[in-house]
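Residues per chain, in single letters:
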Amino acid sequence: MALPPAETAHWLAASVALTIGLLLLSELIVGTDVFRRRRWRAYLWPSVALGSGILLWVIAIFSTFSTIHLLAHSIWAEAAMIAGAVELARLRGKLVSPRWSLVTAGALLVSGAAFLVHEQNPWLYSRAAFLHHVIGWTLVVAAVFPVGQALRPRRFIWAAGFAATFVVLAVLLFADRDGAEIFGRFGLGR
């Protein structure tokens with residue numbers, strides 16, 4: 001059975017991250033009241049996060065060939081599913097405290113750490129290694145946005161930063177090509 005290159009799965013994950021980022025940005029731009037005039041729109045990003053966790057389990061099962069990759073993909077799958085489920089429960093009114101945003105912060109932090117731990121090559125080894133390090137640190141730093149949402153809800157900076165995190169994540173994942181040199185045709189990564 002021939003499996004597609006790893007970059008194909010990364011591009012699929014980038015599409016999901018971009019979808020989440022654009023949903024969050026559109027809600028931010030038009031305002032929550034306007035965005036949620038159609039009740040189902042509120043459920044979009046948590047549902048996509050939950051669904052992406054399920055898809056990550058499929059990737060973890062069928063296309064990981066080392067223990068460290070299996071653990072990293074499993075951690076990402078679990079973190080996405082938990083964050084999505086908590087956000088869905090908040091929307092349904094089952095969880096009312098803004099402190100539940102800390103679960104999403106934990107998911108970003110754990111996912112970032114998993115990115116950093118599972119990439120065993122140095123930063124300049126390849127474009128994929130470089131991107132894994134950048135993505136890991138981006139997610140670790142971005143965990144501050146849900147923390148801000150939990151401690152100071154309704155502040156624009158926290159919502160904007162959280163939405164931008166997914167757009168940046170998508171751009172980084174779309175840039176992934178496993179065998180590419182870090183600086184491309186210039187040969188500076190050798």
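Structural data are supplied above this passage.
Here the structure is a predicted model, which is why all the values come from computation and not from measurement.

The rules behind each value
- Residues numbered from 1 in each chain as written.
- Predicted model: local features only at pLDDT ≥ 70, side-chain atom pairs only at ≥ 80, totals over all residues.
- Heavy atoms only, no water.
- Phe/Tyr/Trp six-rings, centres within 6.5 Å; stacked < 30°, edge-to-face > 60°.
- Helix = DSSP H or I, 4+ residues; strand = E, 2+ residues; numbered from the N terminus.
- Buried < 20%, exposed > 50% of the residue type's maximum accessible area, 1.4 Å probe, protein only.
- Salt bridge = Lys/Arg side-chain N within 4 Å of Asp/Glu carboxyl O.

A. Up close: the packing of aromatic side chains. Counted according to the given criterion, the structure contains five aromatic pairs. Relative to Phe 162, the ring of Trp 45 has its centre 5.5 Å away and its plane inclined at 70 degrees; by these criteria the two rings are edge-to-face. Highlighted residues: Trp 45 in helix H4 (residues 44-62) and Phe 162 in helix H9 (residues 156-174), separated in sequence by 117 residues. The pair formed by Trp 45 and Phe 162 is uniform in burial state, with each residue classed as buried. Between Phe 145 and Trp 158, the ring centres sit 6.4 Å apart and the planes meet at 55 degrees, which makes this aromatic pair tilted. Taken as a pair, Phe 145 in helix H8 (residues 144-151) and Trp 158 in helix H9 lie far apart in primary sequence, 13 residues in all. Ring pairing ties together the aromatic residues Trp 45, Phe 162 and Phe 166, which thus form one cluster.

B. Main features of the pattern of salt bridges. For the structure shown, the criterion picks out two salt bridges. Between Arg 36 and Glu 27 there is a salt bridge; the shortest N-O distance is 3.1 Å. Classification of Glu 27 by relative accessible area gives buried; the value is 10%. Note that Arg 90 and Glu 87 form a salt bridge whose closest N and O atoms lie 3.2 Å from each other. Remark: Glu 87 and Arg 90 occur in helix H5 (residues 67-91); sequence separation between them is three residues, near one turn of the helix. Judged by its relative accessible area of 27%, Arg 90 falls in the partly exposed class.

Such coordinate-based values are descriptive only and should not be taken to indicate function.
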